Amino acid sequence: MYKDMKGSAHRLAPPEIAVKAMPEDERVWVPQAEGVWFRPLMLNTLVGQWCNLLRVRRAGVLSRHLHPNPVHGYVIEGRWFYREHDWVAETGSYVFEPPGEVHTLVVPEDCPEMITFFNITGSMIYLDEANKHVGYEDVFTKIDMCRAHYAEVGLGADYVDQFVR
Ligand code: FE
């Protein structure tokens, strides 16, 4: 415990986050690619982890990638699958992606919109069809994207700070 300047006692814990996950303000969605956006919820700079909603409004291959660390997902709307697996994640599905997975995310033609909550630790390493490394994302690249977007749309670059721990 420690006492702040007003004498109130606190545990040594960072502040909690409680937000309406599906934002009313469209500007909160950060564009990631054509027809793809993410909505940051928690950007953990100490562990190197981020929680966000991924929204996709186009069909086809989204990305081929590797996770060195585990990923947890929960499908809020729509559906998607990994080309390498025989299951389809649908509205209400929980998905666990184990460390070391290489897979190719596909949104089917008949799905106009998918929204999935992802809890990602470490990084996303993007690969081409020959498994050549073509890019990566981590909590810091996500924060940079948020800052640039929120500055551009008038929310202010520091809008993202409420999600950073
Ligand atoms: Fe994945």
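Nothing here was measured: the structure is a model prediction, and the numbers come from that model.

K.L.:
Just to check I follow, could you spell out the sheet that holds strand β8 (residues 79-82) for this structure?
P.N.:
Spatial strand order, β9-β8-β11-β6-β13-β14: six strands in an open sheet with antiparallel pairing. Either end of the sheet is taken by a strand with one partner, and the two such strands are β9 (88-90) and β14 (133-138). Ignoring strand direction, the axes of neighbouring strands in this sheet form an average angle of 30°. As judged from the six bridges shared by strand β6 (residues 60-66) and strand β11 (residues 102-107), these two strands associate in the antiparallel manner. Counted as the bridge partner of G60 is V107 from β11.

K.L.:
Explanation requested: the nonpolar core in the structure shown.
P.N.:
If you look at soluble globular proteins, the nonpolar side chains tend to sit buried side by side. Ranked by size, the top nonpolar core spans 29 residues in total, and within it L43, L54, V56, W80, L105, V107 and M114 carry the most contacts. Counting residues per element, this core draws most heavily on helix α1 (residues 139-152), which supplies four residues. Those residues in contact with V56, other than ones at most four positions away along the chain, are G35, V36, L62, V107, P112, E113 and M114. In this structure, W29, W37, C51 and L53 belong to the second largest nonpolar core, which totals seven residues.

K.L.:
Just checking my understanding: could you explain the coordination of the iron ion for this structure?
P.N.:
Between any two of four tetrahedral donors, the ideal angle at the metal is 109.5 degrees; between two of six octahedral donors, it is 90 or 180 degrees. Around the iron ion, the donor atoms from the protein are H65 (NE2), H67 (NE2), Y82 (OH), E97 (OE) and H103 (NE2), and they sit 2.1 to 2.5 Å away. For the iron ion, the donor residues sit on a single chain with the sequence spacing H-x1-H-x14-Y-x14-E-x5-H. Of the two residues, H65 and H67, neither departs from the other in class, the shared state being buried.

K.L.:
Can you walk me through the layout of surface pockets in this structure?
P.N.:
Regions of empty space are outlined by a rolling probe, equal in size to a water molecule, passed over the atoms. Space inside the largest pocket adds up to approximately 290 Å³. Lining of the largest pocket is provided by 22 residues; of these, Q32, L54, S63, M124 and Y126 occupy positions nearest its centre. Sorting the residues of the lining of the largest pocket by element identifies β3 (30-33), β4 (36-44), β5 (49-56), β6, β12 (114-121) and β13 (123-127) as the ones contributing at least two each.

K.L.:
Even after reading the chapter, I still don't get the sheet that holds β5, so can you show me in this structure?
P.N.:
In space, the six strands of this open sheet follow the order β3-β4-β5-β12-β7-β10, with antiparallel pairing throughout. At either margin of the open sheet sits one strand with a lone partner, and together these are β3 and β10 (94-97). Strand after strand, the sheet turns through a mean of 25° between neighbouring axes, direction not considered. The pairing of β3 with β4 spans three bridges and is classified as antiparallel. Counted as the bridge partner of P31 is W37 from β4. Running over the sheet, α1 touches β3, β4 and β5 and is turned about 120° from β4.

Criteria and thresholds
Residues numbered from 1 in each chain as written. Predicted model: local features only at pLDDT ≥ 70, side-chain atom pairs only at ≥ 80, totals over all residues. Heavy atoms only, no water. Pairing = 2+ DSSP bridges. Helix = DSSP H or I, 4+ residues; strand = E, 2+ residues; numbered from the N terminus. Axes fitted to C-alpha atoms, helices over the stretch in contact; angles between N-to-C directions. Core = buried A, V, L, I, M, F, W, Y, C linked by side-chain atoms within 4.5 Å. Buried < 20%, exposed > 50% of the residue type's maximum accessible area, 1.4 Å probe, protein only. Contact = heavy atoms within 4.5 Å. Donors = N, O, S within 2.8 Å, 3.2 Å for Na, K, Ca; no water. 1 Å grid on protein atoms, 1.4 Å probe; cavity = no way out; pocket = protein on both sides within 12 Å on 5 of 7 lines; lining within 4 Å. Points joined across faces, edges and corners; volume = space filled by probe spheres on them.

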